[in-house]
Amino acid sequence: MQTLYRRLLKLMPRLGMQVTDLGPGAAVVSRRGGRTRTPLGPGADLLTRDDGRYAVTGAGKDTWVVARTKAPGRWQSVPLGDSGARLLLDEQAGGDERQLQLAAAEYLCTQHVAAMLGFYGVNCVFDVGANAGQYARRLRRFGYTGRIVSFEPTADAFERLSKAAADDPEWRVHHLGLGREDTVSSIHTGWNTMNSLLPPSDYGRGRYQRFTKTRTEEIRIRRLDDVMDEALDGIDEPRPFLKMDTQGYDLEVFAGAGDRVGDFVGLQSEVAVLRLYEGSPKMSEAVATYEDSGFEITGMYPVTREAATGRVVEFDCVMMRAKAAPETD
């Protein structure tokens, strides 16, 4: 004699429902699309909508990769020390060591910054040289929910930035650049994410074909200390963080903070080992300036590397004011 449970399962298709029986006392009921078991290995199955759209490969003990595309190649699951995390690599990942390292550095840098923002209680990030909002979007993906104030001087990038921030009430955008003084200046554009107030150096022209052609755009520049009150308005006990990515102009932005640089609990700056822009500071000068203002390095992550030599061109340098760290028992 059929149980009530079994009779109900048989009734479901008549009501437009798809039923996948998982065994005694268990079933999946869905409104659309078939459900099929896809075996992963001994003692484990994957329930998929259509197994023709998924491919499964092993990646070590009790680990599988499930992809919606064609069958992937071989995968390797690499433990990251004693952290409990694992890195999943396909068989082709090591083909371009430089690309793999730079991608990992970008991920680790954002993860580190997000951790520092949480640890130091940061509630406002000044995103200077925001371009189309890539940095802010990464922070959101890593869990930062506080205020972001982005500054982008070029018209095309600002239009994309505005669209990116439109649905985020805690993300404010300003169509201007920051520098040592309030002024109007010309910026080199057409260089994608590398637009700069500075001309390219001989090394920069030799490295990047994009620097051979340029156009300029007139932009407004303000001092950082002039915009801080507006940016922090409504935040009780502000604890701001300063991110700068201005293609050789970071020290000018920093100088514009004046005495209010002491308000910041941390910063991130792109520092150059090999200078891409004429007149930009070298890494040693930039780091020394930040250290003189009380910041100390917590992380260095390569941004670009020469393919021919392996030399690092630029680092993302993350620094925090140790005196601003929360007291711990």
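Residues numbered from 1 in each chain as written. Predicted model: local features only at pLDDT ≥ 70, side-chain atom pairs only at ≥ 80, totals over all residues. Heavy atoms only, no water.

Undergrad: For the sheet that holds strand 11 (residues 171-174), give the residues involved together with the corresponding values.
TA: An order of 11-10-9-15-16-18-17 is seen for the 7 strands of this open sheet, with the pairing classed as mixed. Bordering the open sheet on either side are strand 11 and strand 17 (296-305), each of which pairs with just one other strand. Across this sheet, the average inter-strand angle for adjacent strands is 15°, counted without regard to direction. Two strands pair when backbone bridges link them, and strand 9 (residues 124-128) and strand 15 (residues 240-244) are joined in this way by 5 bridges, in the parallel orientation. The residue of strand 15 that forms the bridge with Val-125 is Phe-241. Together, strand 15, strand 16 (266-272), strand 17 and strand 18 (312-320) form the strand contacts of helix 8 (residues 283-292), whose direction differs from that of strand 16 by roughly 165°. (Pairing = 2+ DSSP bridges. Helix = DSSP H or I, 4+ residues; strand = E, 2+ residues; numbered from the N terminus. Axes fitted to C-alpha atoms, helices over the stretch in contact; angles between N-to-C directions. Contact = heavy atoms within 4.5 Å.)

Undergrad: Before we move on, can you summarise the pattern of salt bridges with the specific residues and values?
TA: Inspection of every chain in the model, using the stated rule, returns 11 salt bridges. One salt bridge connects Arg-305 with Glu-97, and the closest N-O pair in it is separated by 3.1 Å. Taken together, the positions of Arg-305 in strand 17 and Glu-97 in helix 2 (residues 97-119) put the pair 208 residues apart, joining distant regions of the chain. Note that Glu-306 and Arg-311 form a salt bridge whose closest N and O atoms lie 2.8 Å from each other. Under the relative-accessibility criterion, Arg-311 is labelled partly exposed at 41%. A cluster of three or more residues bridged by salt bridges with shared partners is formed by Asp-229, Arg-260 and Asp-263. (Salt bridge = Lys/Arg side-chain N within 4 Å of Asp/Glu carboxyl O. Buried < 20%, exposed > 50% of the residue type's maximum accessible area, 1.4 Å probe, protein only.)

Undergrad: Which residues make up the side chain of Thr-154, and what values go with them?
TA: Secondary-structure assignment places Thr-154 in the loop between strand 10 (147-151) and helix 4 (155-165). One polar contact links Thr-154 to Glu-152, side chain to side chain, over a distance of 2.6 Å. Residues in contact with Thr-154, not counting those within four places in the same chain, are His-175, Ile-187, Thr-189, Asn-195 and Glu-217. (Polar contact = N/O pair within 3.5 Å; in protein donor to acceptor, adjacent residues only side chain to side chain.)

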